[in-house]
Amino acid sequence: MNEGSDGGSGGDNLFSDVDAGGGNDVFANRELLNIDHVPDQNRIVGRDDHIRELANEVGPAVTGVPPNSVILYGKTGSGKSLVANHVMERARDEAERRGNRLATVTVDCAQAKGEADTIQTVADSVNRPGTGVKVPTRGISTNEYYNRLWEILDREYDAALITLDEVDRLGDDNVLMLLSRAREAGKVDVPIGIISISNKVNFREQMTERVKSSLGHNEFIFDPYDGEQLRQILENRKDAFQEGVLEPGVIPKTAALAAQRHGDARKAIRLLRHAGDYAKNNGVGEVREDHLELAQEQAEVERLKELIAGLPPHSKYVLYALANLTSKTPDDRDWFRTTVIYDVYRKVCESEGTDDLTTDTVRGLLSELAFLEVTESNQEHGGMGKGTYKEHRLLWEPSVVFKMDPDPARVDVDQ
C-alpha cells in the first residue's frame, strides 16, 4: 500500500522536511531560538553584573553553607529567568567539582496549580532513583509532599537552590514561608536558598512580615534591554540559521522593533524565529525584513497563550468577550463595564456549549487578567447617588486574541 506506508498520502512523506538535528534550508539549529533555551555565558548580554551579584548571594550553597534568598524583579523578557538558571547551573557544577551535592530546580508558578503542585514539582525534580521515596502527581496531602521533599533533601543533598519563577502567581506566600523556614523549624538539615522571580515590583509588599524577615532584603531590578543589547542578543543566536539566509537588515530591524515596543528579549527572539518559520514554510529560502511584519502577529499570539496558560478556560471566554466588544467599538470608547462584558461573556459560553459562571467569578477572572497586564481596570464614580463601578479594556489587539484558537468565539454585540 502506498498510502500510509511512507507516512504520507499518495506516496508523499509528510515529514520529509524534518531533519534529526533541526536543520533545513533555513534553520541550522532552531533550538537556539527557543524561549526556554539557556545559552552559554558568552551568549548572555548585558547581565554580567546581575550574574556576579546573584552568584555572591547564593554562592555559599556550593559548600553546603546556607545561601541568601533573593528576589529578582523586572518586566517579562528582561533576563531574570535566564540569569537565575545560568547561575544555578554553574553553582551545581561547582558544587560537584568540590565533592558536594547541590539540588537545583526551577518551578514555573504560572503553570503550577497551587501550593501542593508546586511542592510536588520540586520534590519530583530533585528525587533520585534509589531514594525509595515516591512523589505521586496526586493522592497525598500538601503536608505529605513537604515531608517527602524534606526526606529527599536530607538523604541526597548538602544544600538546595529553588527558583520560583513568576512567584506572584502562587496567590499567597505559604510556599515561601515554609521553604525559607524549613531548616530553622527543624524540618530539614539541608540549607535551602530561594530565588523568587516576579514581574511585579510591588510583590514584596504582598508578603507577610515573617516571610520578609526570612528572605532578607536582597533584591535585584532588571531593566528592559535597550536596542543595542537586543541586537547583540540576536546576533549571538544568528547561527540558528543557515549561513547567508538572514538578510543583513533583519536583526537590526528586529531589535529596533522590540526596543520601541517593550525591550523584551523573549519577544525579539520569538519574532525572529517566526520570521524564519515564515520563510521556511513558504519556501522563500531567505529571511527578509518584510517577513518580520508578517510574523509579528503570530509572535504576539504565542506570547498571549503563554501568559494565560495557567488560567482556567473561562478566562479565555472573558477575553473573547472583551475582544468581541473591542473589535466593534471605536478606539475612543474601548472601556467596558463589568456588566457589559458579562452579557457578552454569556453569549461566548453559549457558543462554546458551556455553562456560564457567576458575575462575581467573572470579576475575579478580570482581576487576574489585569494582574497579568492582559487587560486594564479602572474604578469609576457614577456621580451623586450612582455609586462606583469598574471598567475594563483589552491591552492586546482583538485579532491576536481571536487567533489563539482555529475557531474562536465570535458573537453578536449589542451596543
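Residues numbered from 1 in each chain as written. Predicted model: local features only at pLDDT ≥ 70, side-chain atom pairs only at ≥ 80, totals over all residues. Heavy atoms only, no water.

### Brief notes about a negative patch on the surface
- The grouping of Asp40, Glu89, Asp93 and Glu96 at the surface amounts to a negative patch.
- Following the sequence through the fold, Glu89 ends up in helix α2 (residues 80–97). (Patch = residues over 30% accessible without salt bridge, like charges linked within 9 Å, V, L, I, M, F, W, Y side chains within 5 Å. Areas by Shrake-Rupley, 256 points an atom, 1.4 Å probe, with all protein chains shown as cover. Salt bridge = Lys/Arg side-chain N within 4 Å of Asp/Glu carboxyl O. Lys, Arg positive; Asp, Glu negative; His and termini not counted. Charge placed at Lys NZ, Arg CZ, Asp CG, Glu CD. Helix = DSSP H or I, 4+ residues; strand = E, 2+ residues; numbered from the N terminus.)

### Examining the pattern of salt bridges
- For the structure shown, the criterion picks out 26 salt bridges.
- For the salt bridge of Arg266 with Glu306, the shortest nitrogen-to-oxygen distance reads 3.7 Å. Here Arg266 is found in helix α9 (residues 265–281), whereas its partner Glu306 is found in helix α10 (residues 290–308), with 40 residues between them in sequence.
- For Glu306, a relative accessible area of 29% puts it in the partly exposed group.
- Beyond isolated ion pairs, a larger network of salt bridges with shared partners links Arg266, Arg270, Arg273, Glu302, Arg303 and Glu306. (Buried < 20%, exposed > 50% of the residue type's maximum accessible area, 1.4 Å probe, protein only.)

### Some details on the environment of Ala185
- Within the secondary structure, Ala185 sits in the loop between α5 (174–180) and β4 (192–198).
- Between the C-alpha atom of Ala185 and that of Val413, which follows or precedes it by 228 residues, the distance is 57 Å.

### Re α10
- At Gln296, α10 is bent by approximately 35°, the largest bend along its length.
- Against the buried residues of α10 lie α8 (250–261), α9, α11 (313–327), α13 (359–371) and α14 (398–402). (Bend = angle between axes of the 7 residues up to and from the residue. Contact = heavy atoms within 4.5 Å.)

### Description of the packing of α11 against α13
- Interaxial distance between α11 and α13 falls to 10 Å at its minimum, and their mutual angle equals 80°. Considering the angle they form, α11 stands roughly perpendicular to α13. In this structure, α11 uses His314, Ser315, Val318, Leu319 and Leu322 to contact α13, whose residues at the interface are Val362, Leu365, Leu366, Glu368 and Leu369. (Axes fitted to C-alpha atoms, helices over the stretch in contact; angles between N-to-C directions. Parallel < 35°, antiparallel > 145°, perpendicular 65-115°, else oblique.)

### As for the domain arrangement of the protein chain
- As far as domains go, the protein chain holds domain 1 (13–38 + 225–308), domain 2 (46–222) and domain 3 (313–402).
- At the interface, seven residues of domain 1 touch eight residues of domain 3.
- Considering only the side of domain 1, the residues that lose the most area to domain 3 are Leu304, Leu307 and Ile308, jointly responsible for 64% of the buried surface there.
- Applying the counting rule to domain 1 against domain 3 returns zero salt bridges.
- At the junction of domain 1 and domain 3, the tally comes to zero residue pairs in polar contact (both at pLDDT 80 or more). (Domains from an automatic or database assignment. Buried area = accessible area lost by both parts, 1.4 Å probe. Polar contact = N/O pair within 3.5 Å; in protein donor to acceptor, adjacent residues only side chain to side chain.)

### Observations regarding the nonpolar core
- One finds Leu149, Trp150, Leu153, Leu164, Leu176, Leu179 and Ile192 to be the most contacted residues of the largest nonpolar core, which totals 38 residues.
- Elements with a minimum of two residues in this core: β1 (70–74), β2 (102–108), α3 (115–126), α4 (142–156), β3 (159–165), α5, β4 and α6 (209–215).
- Take this core: its biggest share by element is six residues, from α4.
- With near-sequence residues (within four places) excluded, Trp150 lies in contact with Leu178, Leu179, Ala182, Lys187, Val188 and Ile192.
- Core analysis: the next-biggest nonpolar cluster, separate from the first, contains 35 residues, Leu307, Ala321, Leu366 and Leu369 among them. (Core = buried A, V, L, I, M, F, W, Y, C linked by side-chain atoms within 4.5 Å.)

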